[in-house]
Amino acid sequence: MKKRLAGLITASAVAVSLAGCQASQAPVSTDTQASSQEETQASESGKETSEAAEDLSGSITLYTSQPEEDIQTLIDGFNQKWPDIQVDVFRSGTEEVVSRVLAENEAGSLLADVLLVADDVTFETLKEQNLLMAYESPELEGIPEQYIDKDHMYTGTKVITTGIAYNTDLVDTAPTSFADLTDPVYKDSLIMPSPLYSGAAAYNLGVITRTEGLGWDYYQALKDNGITVDRGNGAVQNAIVAGDKACGLLADYMAIRSKNDGAPVEFVYPEEGSPAVTEPIGIVKGTDNEELAKAFVDYILSEDGQALTAEIGYTPVKSGVAVPEGFKSIDEITPMTWDTNELYQNREADKDQFTQMFQ
């Protein structure tokens, strides 16, 4: 499959033919006749499934904030099951993805069929503007209720926590809490992603500023301690791996991947708890490719899709799926949360206040 780093990835459609099996019909008794009937029914069911598989062909457009390599891996897995469905991808930071969706909708030319971006607060923006289609996937079993929208407009696909990443060559005493980063020992050696670009960082801002013992005073203390605000989590990861910065607020999977790749990096789940986003998936209302979009959503939420999500290096949202090495499971994570509606209603005001503080 060809990948275009500028933003559009196309998952090639591969033609396949499915051959059905014909059940043997040689009844010699009542029992064998019943068995034969069951086999015939199973054969007919398999034939219907094969016909359905053959019918699902075409293309969908996915807008996402996932790293290019990760989303391509998921598409490759999806195409193992649905080889005749082509998936075209626009990929950018969550804020830019949402801005594009809103601009296209305003112009009457929304191109996306499926959205897969950072957090439920972002999806509440789209939900309020009537841009999402209700769809209750048959693959919801095992997914905690709090990660499923009550109106079935979106569903979480993984759990991504934000914690503390640090360079072991530069840090002698590892931080154990968010509060530790205000210590003068980290003066001018800190970095974090901008909530003006990263949806996860915007979510973190809303939660942390409403958490007792942290609040806006915490962000002011980080500023006073010389923290650098860079565009997104990728920039934070690169700075810590390279040793340009000693510590930073970073998504768990980025820090753990760096460590697994041999970088001198460790990840800390903070004592106060972990802000966590679930990178929900939802279908755009009015899509011309509804059945194909549903097939994609179902795959991502299925055991196969969740196992692949874990293999890529994320905490799966479905219980019973093994967690990657180095990660905490859903049950082990201490979540730092706040009311979704309040976070949604105040997101822009929070970002404005952040801009004023760090300008």
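Computed from a predicted model, the values in this text were never measured in an experiment.

Draft legend 1. Summary view of the overall build of the protein chain. Summing up its helical and strand segments, the protein chain has eleven helices and 14 strands in all. Across the 359 residues in the protein chain, those meeting the buried criterion constitute 53%. Contacts spanning at least 24 positions in sequence make up 77% of the contacts within the protein chain whose residues lie at least 6 apart. Looking at the protein chain as shown, the accessible area adds up to about 16,900 Å², and 45% of this sits on carbon and sulfur atoms.

Draft legend 2. Region of the structure containing the layout of surface pockets. Reported here for the largest pocket is a volume of approximately 710 Å³. Residue lining of the largest pocket: 35 residues in total, with S65, P67, N233, Y253 and M254 positioned closest to the centre. If you list the elements that add at least two residues to the lining of the largest pocket, you get α2 (68-81), α5 (199-208), α7 (233-242), α8 (252-260) and α10 (303-312). Looking at the lining of the largest pocket residue by residue, the classes come out as 13 nonpolar, 14 polar and eight charged. Within this model, the second largest pocket holds a volume of roughly 530 Å³. Taken together, 24 residues make up the lining of the second largest pocket; nearest its centre are D120, Q146, Y147, T278 and T340. Elements supplying a minimum of two residues to the lining of the second largest pocket: α4 (120-128), β11 (274-277), β14 (335-336) and α11 (340-358).

Draft legend 3. Highlighting the packing of aromatic side chains. Counted by the stated rule, this structure contains eleven aromatic pairs. On the numbers, 6.2 Å between centres and 85° between planes, the contact of Y219 with F354 is edge-to-face. In this pair, Y219 sits in helix α6 (residues 215-224) while F354 sits in helix α11, placing the two residues 135 residues apart along the sequence. Residues Y219 and F354 agree in their burial class; the two are buried.

Draft legend 4. Geometry of the environment of G234. Tracing the backbone shows G234 in helix α7. Take G234: its relative accessible area is 30%, and that puts it in the partly exposed class. Through-space distance from the C-alpha of G234 to that of A251 is 9.3 Å; in sequence the pair is 17 residues apart.

Draft legend 5. Inspection of the pattern of salt bridges at higher detail. Counted by the stated rule, this structure contains 16 salt bridges. Close ionic contact of R231 with E96 constitutes a salt bridge, the shortest N to O distance being 2.4 Å. Pair noted here: R231 is in the loop between β8 (228-230) and α7 and E96 is in helix α3 (residues 94-106), with a separation of 135 residues, a long-range link. Look at R231 and you get partly exposed, because its relative accessible area is 46%. A salt bridge links E342 to R210, with the nearest nitrogen and oxygen atoms 3.2 Å apart.

Draft legend 6. Here's a closer look at the UniProt feature "binding site: Fe cation" (unreviewed entry) in the protein chain. UniProt marks Y253 with the feature "binding site: Fe cation" (unreviewed entry), using the numbering shown here. As for its position among the elements, Y253 is in helix α8. Residue class for Y253 comes out buried when judged on its relative accessible area of 9%.

Draft legend 7. Fine view of helix α9 (residues 290-301). Helix length check: α9, at twelve residues, gives a terminal C-alpha distance of 17 Å against a target of 16 Å (1.5 Å per residue), a fit within 8%. For α9, a buried count of ten out of twelve residues is recorded, marking the element as mostly surrounded by other parts of the structure. For α9, the complete set of buried residues consists of L292, A293, K294, A295, F296, V297, D298, Y299, I300 and L301.

Draft legend 8. Just unusual backbone geometry, in detail. With a phi angle near 60°, H152 is a residue other than glycine that sits in the positive phi range. Here H152 lies in the loop between β5 (132-133) and β6 (158-167). The phi dihedral of E279 is positive, around 40°, even though this residue is not glycine. Turning to its location among the elements, E279 is positioned in the loop between β11 and β12 (281-284).

Draft legend 9. Layout of the confidence of the model for the protein chain. On average, residues of the protein chain carry a pLDDT of 87, and 85% of them reach 70 or more. Contacts for the low-pLDDT stretch residues 1-53, under 50 throughout, to residues beyond four places or in other chains number 62 contacts.

Draft legend 10. Empty space enclosed by the protein, seen in detail. Enumeration over the complete set of coordinates arrives at three cavities of 30 Å³ or more. The computed volume of the largest cavity comes to approximately 80 Å³. Looking at the largest cavity, the residues that line it are T162, M192, P193, P195, A201, N204, L205, I208, Y219 and L249. Going through the elements one at a time, β7 (190-193) and α5 are the ones with two or more residues in the lining of the largest cavity. The dominant element in the lining of the largest cavity, judged by the number of residues it contributes, is α5, at four residues. Classifying every residue of the lining of the largest cavity gives eight nonpolar, two polar and no charged. Each pocket or cavity is described by its volume, and for the second largest cavity that value is around 60 Å³. Surrounding the second largest cavity, M133, Y135, S137, H152, M153, Y154, T155, I281, G282, I283, V297 and L301 form its lining. Sorting the residues of the lining of the second largest cavity by element identifies β12 and α9 as the ones contributing at least two each.

Draft legend 11. Inspection of the pairing of β6 at higher detail. Burial runs high along β6: ten of the ten residues are buried. Relative to strand β13 (residues 315-316), β6 runs antiparallel, the two sharing two bridges. Counted as the bridge partner of V159 is T315 from β13. Bridge count between β6 and strand β9 (residues 247-251): five bridges; the pairing is antiparallel.

Quick notes on the rules
- Residues numbered from 1 in each chain as written.
- Predicted model: local features only at pLDDT ≥ 70, side-chain atom pairs only at ≥ 80, totals over all residues.
- Heavy atoms only, no water.
- Helix = DSSP H or I, 4+ residues; strand = E, 2+ residues; numbered from the N terminus.
- Buried < 20%, exposed > 50% of the residue type's maximum accessible area, 1.4 Å probe, protein only.
- Contact = heavy atoms within 4.5 Å.
- Areas by Shrake-Rupley, 256 points an atom, 1.4 Å probe, with all protein chains shown as cover.
- 1 Å grid on protein atoms, 1.4 Å probe; cavity = no way out; pocket = protein on both sides within 12 Å on 5 of 7 lines; lining within 4 Å.
- Points joined across faces, edges and corners; volume = space filled by probe spheres on them.
- Nonpolar A, V, L, I, M, F, W, Y, C, P; charged D, E, K, R; others polar.
- Phe/Tyr/Trp six-rings, centres within 6.5 Å; stacked < 30°, edge-to-face > 60°.
- Salt bridge = Lys/Arg side-chain N within 4 Å of Asp/Glu carboxyl O.
- UniProt positions renumbered as here; feature names shortened; annotations may be inferred.
- Expected span 1.5 Å × (residues − 1).
- pLDDT = per-residue confidence, 0-100.
- Pairing = 2+ DSSP bridges.

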